[in-house]
Structures are given as structure tokens and as C-alpha cells.
Amino acid sequence: MFKNYLKIAIRNLYKNKIYSVINLVGLSAGITCCLLITLYVRHELSYDKFQEKGDRIARVIMEYNMGGNINKGNYTGTKVGPAFKKNFPEVEDFVKMMGSQQIVRYNDKLFTEKRFVFVDSNFFDVFSFRLLGGNPKTALASPNSVVLSQTVAKKYFGLENPIGKTIRVSGAGTDYLVAGIVEDCPANSQIKYNFIASFSSLSFAKGELTYWNANYTTYLLLKDKDAVRSLQPKIRAFMRNEMKGEFTGSDYLTYILEPFMDVHLYSEYPGFEMNGSITYIYIVGAVALLILIIACFTFINLCTAKSVERAKEIGIRKVAGAFKRQVFWQFIGESGLLVLLSASLSFILACLLLPAFNGLMGREISVSDLSSPALIAAGALIIVCISFLAGAYPAFILSAFQPVKVLKGAFKNTGSGLLLRRSLFVFQFIISVFLIISAFIVQKQLDFFQNEKLGFTKELVIILPADQRIIKKLALLKTELKQDPDIRYVSLADFEPCNIMGGYSMYNPEMPPGKVFSVFAGTVDQEYLKACDIGIVAGSDLSDQDIKDVSNEDYTKNYFHFILNESAAKQMGWNPEEAIGKKMFMDESRPGVVKAVVKDFHFSSLHNPIQPLILIPGTYGNILLLKTAGKDLSKTIPHIEKVWKTIAPHRPFEYSFLDENYKAMYKSEIRLGKAMNIFTALAITLALMGLFGLSSYTIQQRTKEIGILKVLGAPLQYIVSRLSGQFIRMVIIAVIISVPLAWWAMNSWLQDFSYHIELNAWYFIIPGIIAVLLSLLTVGVKAVKAASENPVKNLRVD
């Protein structure tokens, strides 16, 4: 019996090649998409699950209010961990960490390493990273000791045993003893490392413990996984007592605990890599589900439509003595065979497409994840469900009809299943139009990121690293670089203009005692404003003398000429002109005067509103900004490299462009945009394939009607509009339903940005028109072909 059913199923698949291909391709594409996104979602949800004590670890977030500005961030001073362990019995231990970028040399090998992490000596007691060599208790107990990842050990030492050998950190800086080898950092870990060095190696970490100078991340190991909730109010009360006398009015300093396992998807504060987002997980998960639904509905629609043509076959089988259950299982089996073929093809496609998908989503998902028992079980459930959904309806309907009526063709001429097919069709296009609108708006917001006036010029600015050895030769370096006329300005600074993160307090003598304002700040030199093309509203730019005024060996003699942005001047109660010449202090130790007020510019992500900012003249920094004319970068870059290798041979020549770095700030949004474009294209393609199949079937059913219309003299346009009209009306209904849904979803998403596009009617009209035109083209091709047939031939059709 099974063999007979299999033969019939294969025969029917071969007989209806177009419908079989549409079903196979559509379902395969839908399941493949669902598989890949399921792998991604599963990977994101698995973050840090390998940490044995992960449910007892909390990350400490610093929150402080100065002058009405509330600031929060993943940074703490050195005192937080020791103070909390001493005063709260809930705290078992703590670990301080600091990520950095270092120059590492071993013999003739010289590299810039971006994942160089300083940690407390108990790091391996708190976190579950396995040492492959060395003692986890003592590996980080001494200053200038370091543990290498497996990959890094091979990179520098090859097949040698690196333990006991030394590497030089920061060019010609300090020698570090290799004390251990640790397994490579898992892809689903928020703590990323290549080098793990002892925290005691940091010279500025050996001073007095302080809540300020917040440059570190602190993790607490709690005795109980539920202690976060009870500990939080105690921390607020403790900090009020600790900071008594340091703050007045509403100013305060406190700390917030984030459960370690929630950081990757739920925290707005990045750590050692950019966080994921539970919102984006919901978005891509919903997109995967919607695409699978479209593919399934196309499959179900075509199966129910084509089953009508088999009414006589079923009637004959029933006359021959077939039972209702045999007919039922025949349809289920045929659906199951096609779904099984689609699922098998999907698995192969998922394996082939996984590397490209990893590149799109920025993850390292392994092909072996496809063989997980949970995924296999979910796949089997999908196969069973789709098979029953596609086969059950025609099986129930056809097997229930009386053989006599079926053999007379009564069933073929009824509208049975029409409401179901139309409902599924409209729902498909609701999803498709919703995705088109969403992708359109996401792309518009991404364009807004790139084209929004930032208040500085990001194009043609080259970024180079800086350190103390480079700064000592800065004058020579500037002179040599400017030998190329294409290089107009060379500036030393703390931060790029799109990512200024330093935090300070400021006040002026006119303010009440103890009153301060919290501001963002960064150190710059006299060429920074010109290099970044930042406009001055009032006052004048920094001069060479201003830089000399803060270069005294005795820092108490330094006098600063500050540059404020408009928001900082406004916070101080000044308009730009009034601010010029006003005396003020930065953190008490930096007296000075306001020399200029610049236009507000976006010095952080467009997710955030513009905050008060002060640019501080200084002789130190982390980067060099080279403003070029852009006439011939193919000659300028080699010139920079030549000068660099002469003046800074201790560092590899590495550079980036400011506009590329700015773009990298929106990696998550860019990935979402690309994914939305691909998935939307897939969704609309699947929907159109279903439309093509369904319209082909409908037109085939109306062949005799078309012949009669032609004989009666109906023009081609009338016949085409009559055939395609019902489908276009359903698409228009889908557009009308999808618009408010898309508006609500996209408006909610845009609220995450302080600066975003404004939704207007064209963002919905254009995708709607696209959907209607594509549908019209899909149906029209088949309709025109049918309407052009010889009417005599059409009238002969039974």
C-alpha cells in the first residue's frame, strides 16, 4: 500500500512540474531562511551559558548626577569591588577588568593587539575559561605576567612552549612573562580576549582606591543568584553615606547591578564587544516566522487548488472501494514527501549559505550547530505540521464528497476552498507589504545616519594611533607628513569627533559653592577644529601659545583655554558671546578661561541627544587625525607610511578613515538593514511565486470562459483585467491592512534614536505601489498569454 501511495505521489509531482517546482523552491527557501535565523537566535540566546557561575555574577554600572545631568556607563573606579565585598555579606568576590590595545613584540614579530585585557588575579576563579597550561591560581598573581590564548600562542611562538618566555608590550615598553595558555575565547562570550594580563601591571591602578577615575569594569560574584534584587537598595543607601559631604542638592553617585547573563541582549552599555539586542532578536525571529508562513501558505494554497483537479481520481478510487482514511493518508503522504524533499534541500542550502550568513550577521556560527537535537526535533515537527496543514484540507473535503457527484464534475465547479485560498493569499501579501515598508524605512534611517549633518566633516580624514613616543616627536612628525601638499592638517586628540567619551565636572566662580556640572570632554590640540571642520560660533581657535600654556612641567602652573559647545555654554547660563573670557575650572585642578564656543555637533551615536561638551587643550592623546585634500590618496598613503616607519618604527603602520569608523558605530543597524532587504526580497518572491501558481490554476479553470469572451468580441485588455482583477483587489486589501501595522512597528523602532527620520505617507505609498505593480506583472503575463490563445482551442477544453 505504501509503495502504491509513493508511486502515485511521485507521478503527480512529475505530472505537475510547474507547481512542484514552485512548492519545492518556495518551501525550501522558507525553511532555509528559518533554519539560518534559528541558528542565529539560538547563538545569541546561548551567550555566556558556559559560565558555571554566570547566574551569580553581576556587572556594576556607575550612575552619577552632577548639575542635573545624569550619566551612566560600564565603568567604575578601583574602590567599588573592595568596598562592596567588605560591606555587603552578599558579595563573595569581585574582579576588576580593563580592555586595551597594546603593541606586542616577540623577536621580529610586531603586532597591534586589540584584545589585551587586564584582570585581577582571581579571574579564573570567577569566570569559566579553561587554562591549557599554567596554574590558574598563580598565573596572574604577579605584576607583568600574561596569559595567552591558544591562537595567539601559535601566532607568536609557533610550536614552541611559550610558558616562561617574555614578550614586550607597548613597543619598547615593558617585558611580560608568559605564565599560561588559555583556551580560545568562545564565540558566544561577552568577554573577548587574546591576552589576559595581571591587573597589578597597571601603574595607575596601584594608587589609592577611589570611586572616581572610572576606567575599569567591575564584576561581583554573589553568594546567591537572587541577591541582585535585595542588594540594589542597600547599595544606594551605602553610597549616600559614603559620599556624604561630597555632593549638594540633587547630585549623587550610585551603582546599578546588571545580571551577567542579561548583559549581552538587554544592556545598553557595551562591554568587551558590542552587545546584541533582544529587540533585534524579536525582529529577525518574527521575520523568519513570517517568511516560513508565506512559504507554507503558498504550498497549502497550491495543494488545495490542485487537489480539485484530482476529484475524479478520488471518485474512482472510492467507487473501487477505497476507504476515507486511505484517501486521507494518500494526500498527507504526498504533502509529506514534498515537505521532506524541501527540508532535505533546505539543510544542504543552510550548510552552503552559513558562511555568507555569518558575514551578514557578524557572528561565528558553526555548521555543527545544525545537528543539535533540539533543532532536529523542531525541524521534524515543522515537517509534520506543514504536511498535515497542506494535505488535511483537501483530504477531508475530497474524501467526504459522494463519488457520484465527484464523477459528474460537481466538485470541480464549486467554490469549495475559495475562501480559504483567498484568505491565505491576502495574509501572505499583508506580510510581504509589511516587510517591504519596514525594509524601506530601515534603509531610509540608515541613509539618514550617513547624510545627516553631524557638525563636523568625516570624509577624507585619516586616523592613526598615537602614544608617548610618537607625541615626543609630534612636531617632527607633523612637519614630515605635511611635506605632502595633500595633507592639510595633523591633529593630536583623545577621541574621534564622533565618539568622545571622556567625562568631567566643570564649574565657574559665579556658581554656588559645591555646585558643579557634569560634561563630556576630550583633549585636543590647535589643529583639531580645522581638521574636523567644526564651526566656531564665538571666540577664536586654539593657538600654539594655548598649547604651551598647558605644557609646563609643574602642572599647577598650567592655564587652560577651553572650547565649549553650545550646549555646555547654555548649561552654564551663557549665550556664546557672553561665554568668551569667562573663568571656569575643570575638576578643580584645571583653571582656565573660555576661548571659543563651537556649534553643537554629534560627538556620539545618533541614538543619544547632544550633551554639553568641552574640548581641552593638551599635549597628550590616543590618535592623530590627518585631514587630506583627497586629490590623490594612492600617493598620500605611501607617503604617510614612509614617514611613519622612519619616525615610529616601534608601531606597525595601521590606519583607518573617520567616515568608516563612524559607519562602524551603526553595525547593528546596518546588519539589520541588509538582513531586512534580503529577507524582504525573499518574502515578496515567495508571495509572487504563490500568486503565479494560483493565478495559473485559476486561469486554467476559466479557459472556456476566456474562449467565450473572445468569440463574443471582448478586447484583450478587458479579458486581462477580468482575469487579474480579483488578485489585484486582494493585493490592495493586503496593502490597506499592512500600512497601519507597519507604521506602528516602525514608529516604535525609530523611538530608539534621538535623531531619526519623520514618517511620511510616501514611505507607505511607494512600497504599496511596488507590491501592486509586481502582482500585476506576475498575473498579467499569464493572463495575456491565456487571452491570446485561439478561442476554438479554449472552447474544446473539458
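Note that the structure is a prediction, hence the values are computed from the model and not measured.

### Section: the overall build of the protein chain
When helices and strands are counted, the protein chain shows 26 helices and 22 strands. In terms of principal-axis extent, the alpha carbons of the protein chain reach across some 105 × 60 × 55 Å. Taken over 798 residues, the protein chain has a buried fraction of 53%. Restricting the contact set of the protein chain to residue pairs at least 6 apart, pairs at least 24 apart contribute 80%. Carbon and sulfur atoms form 59% of the exposed surface of the protein chain, whose accessible area is close to 36400 Å². Computed over 85 positive and 67 negative side-chain charges, the inter-centroid distance for the protein chain is 14 Å.

### A look at the nonpolar core
Of all hydrophobic cores here, the largest spans 113 residues; its most connected members are F357, F429 and Y528. Taken domain by domain, the makeup of this core includes at least three residues from each of domain 1 (2-42 + 278-448 + 667-795) and domain 3 (461-663). Leaving out residues up to four positions away in the same chain, Y528 has contacts with S491, A493, F495, E496, P497, I500, I534, L615 and L625. Ranked by size, the runner-up nonpolar core spans 26 residues in total, among them A58, L220, L231 and F238.

### Describing helix α23 (residues 703-711)
Considered for burial, the residues of α23 that qualify are T703, I706, G707 and L709. The arc that holds the buried residues of α23, viewed along the axis, is 165 degrees, so those residues lie on one side. Looking one or two residues beyond α23, the residue adopting positive phi is G713, at roughly 90 degrees.

### Thoughts on the side chain of T636
With respect to the element layout, T636 can be found in helix α20 (residues 633-647). Relative accessible area serves as the criterion here: at 0%, T636 is assigned to the buried category. When near neighbours in sequence (up to four residues on either side) are disregarded, T636 contacts D484, D486, I487 and T628.

### Remarks on the packing of helix α2 (residues 17-45) against helix α22 (residues 667-701)
Across the interface, α2 lies against α22 with an axial gap of 10 Å and an inter-helix angle of 160 degrees. With respect to α22, the element α2 is oriented roughly antiparallel. α2 and α22 meet at a crossing whose hand is left-handed. Together, I18, Y19, I22, V25, G26, A29, G30, C33 and I37 of α2 and F679, L682, L686, M689, F692, G693, S696, Y697 and Q700 of α22 make up the contact between the two elements. Split into classes, the residues belonging to the contact of α2 with α22 amount to 13 nonpolar, five polar and no charged.

### Observations regarding a nonpolar patch on the surface
The grouping of W762, I765, I766, I769, I770, L773 and L776 at the surface amounts to a nonpolar patch, some 630 Å² of accessible area in total. Inspection of the secondary structure puts W762 in helix α25 (residues 762-787). The exposed category is assigned to W762, whose relative accessible area is 53%.

### Topic: the pattern of salt bridges
Opposite charge on two side chains permits pairing when their charged atoms draw close. One pass over the structure, following the stated rule, counts 24 salt bridges. For R168, the salt bridge identified is with D175, shortest N-O distance 2.8 Å. Residue classification places R168 among the partly exposed residues on the basis of a relative accessible area of 31%. Of the charged contacts, one joins K582 and E510 as a salt bridge, the two residues approaching to 3.5 Å between their closest N and O atoms. Taken as a pair, K582 in the loop between α19 (576-579) and β18 (583-586) and E510 in the loop between β14 (502-507) and β15 (517-524) lie far apart in primary sequence, 72 residues in all. You can call K582 partly exposed: its relative accessible area is 24%. Since its relative accessible area comes to 59%, E510 is described here as exposed. Look at the salt bridges and you will find they share partners, linking K478, K482, D525 and E527 into a network.

### Examining helix α3 (residues 80-87)
Count 3.6 residues to each turn of an α-helix, and residues three or four apart come out pointing the same way. Within α3, the full set of buried residues consists of V80, G81, A83 and F84. The secondary structure elements touched by the buried residues of α3 are β1 (57-66), β3 (91-106), β10 (217-222), α6 (227-242) and β11 (252-259).

### Points about the packing of aromatic side chains
This model, assessed by the stated rule, comprises 39 aromatic pairs. Measuring from ring centre to ring centre gives 6.0 Å for F425 and F727, while their planes differ by 70 degrees; the resulting arrangement is edge-to-face. Of this pair, F425 sits in helix α13 (residues 418-451) while F727 sits in helix α24 (residues 716-750), and the two are 302 residues apart along the sequence. Neither residue differs from the other here; F425 and F727 are each classed as buried. Aromatic side chains Y662 and Y666 sit 5.3 Å apart centroid to centroid with 70 degrees between the ring planes, which places their arrangement in the edge-to-face category. Each member of the pair, Y662 together with Y666, is buried. Following the ring pairs from residue to residue traces out a cluster consisting of F50, F123, F124, F127, F129, Y193, Y219 and F260. The ring of F199 is capped by K96, whose NZ or CZ atom sits 4.8 Å from the centre of that ring. Between K155 and the ring centre of F111, over which it is positioned, the NZ or CZ distance is 4.2 Å.

### Overview of the environment of I623
Inspection of the secondary structure assignment puts I623 in strand β21 (residues 623-628). Each C-alpha atom of the pair I623 and P465 lies 4.5 Å from the other, and the pair is 158 residues apart in sequence. In contact with I623, not counting residues within four places along its chain, are I463, L464, P465, A466, S491, L492, A493, D494, F495 and E496.

### Observations regarding unusual backbone geometry
Even without glycine at this site, N213 takes up a positive phi of about 45 degrees. Relative to the helices and strands, N213 is located in the loop between β9 (195-198) and β10. Positioned with a positive phi, L460 is a non-glycine residue whose angle comes to about 65 degrees. Take L460: it is sitting in the loop between α13 and β12 (461-465). The partly exposed category is assigned to L460, whose relative accessible area is 33%.

### Considerations on the packing of α13 against α22
When two helices pack together, their arrangement is given by the angle between the helix axes and the distance between those axes. Following both chains from N to C, one finds α13 and α22 inclined at 155 degrees, their axes separated by 9 Å at the closest point. Relative to α22, α13 is oriented roughly antiparallel. Helix-helix and strand crossings are classified by hand; for α13 and α22 the assignment is left-handed. Residue classes in the contact of α13 with α22 are distributed as 17 nonpolar, six polar and two charged.

### Describing the side chain of S567
Of note, S567 is situated in helix α18 (residues 566-571). Apart from the residues within four sequence positions on either side, S567 is in contact with D600, I610, Q611 and P612.

### What about the environment of Q701?
You can see Q701 is positioned in helix α22. Accessibility expressed as a relative area gives 30% for Q701, which makes it partly exposed. In this structure the C-alpha to C-alpha distance between Q701 and F585, which are 116 residues apart in sequence, comes to 85 Å.

### Focus: the state of the cysteines
Here the structure, examined in full by the defined rule, presents zero disulfides. Here C33 is not cross-linked by a disulfide; its sulfur's nearest cysteine counterpart is in C34, at 7.0 Å. C33 gets classed as buried once you look at its relative accessible area, which sits at 5%. With no disulfide of its own, C296 lies 8.6 Å from the sulfur of C34, the closest cysteine sulfur. Note on C296: relative accessible area 10%, which makes it buried.

Each value, and the rule that gives it
Residues numbered from 1 in each chain as written. Predicted model: local features only at pLDDT ≥ 70, side-chain atom pairs only at ≥ 80, totals over all residues. Heavy atoms only, no water. Helix = DSSP H or I, 4+ residues; strand = E, 2+ residues; numbered from the N terminus. Buried < 20%, exposed > 50% of the residue type's maximum accessible area, 1.4 Å probe, protein only. Contact = heavy atoms within 4.5 Å. Areas by Shrake-Rupley, 256 points an atom, 1.4 Å probe, with all protein chains shown as cover. Lys, Arg positive; Asp, Glu negative; His and termini not counted. Charge placed at Lys NZ, Arg CZ, Asp CG, Glu CD. Core = buried A, V, L, I, M, F, W, Y, C linked by side-chain atoms within 4.5 Å. Domains from an automatic or database assignment. Arc of directions from axis to C-beta. Axes fitted to C-alpha atoms, helices over the stretch in contact; angles between N-to-C directions. Parallel < 35°, antiparallel > 145°, perpendicular 65-115°, else oblique. Left-handed = near helix turned anticlockwise from the far one by under 90°. Nonpolar A, V, L, I, M, F, W, Y, C, P; charged D, E, K, R; others polar. Patch = residues over 30% accessible without salt bridge, like charges linked within 9 Å, V, L, I, M, F, W, Y side chains within 5 Å. Salt bridge = Lys/Arg side-chain N within 4 Å of Asp/Glu carboxyl O. Phe/Tyr/Trp six-rings, centres within 6.5 Å; stacked < 30°, edge-to-face > 60°. Lys NZ or Arg CZ within 6 Å of the ring centre and 35° of its normal. Disulfide = S-S within 2.5 Å.

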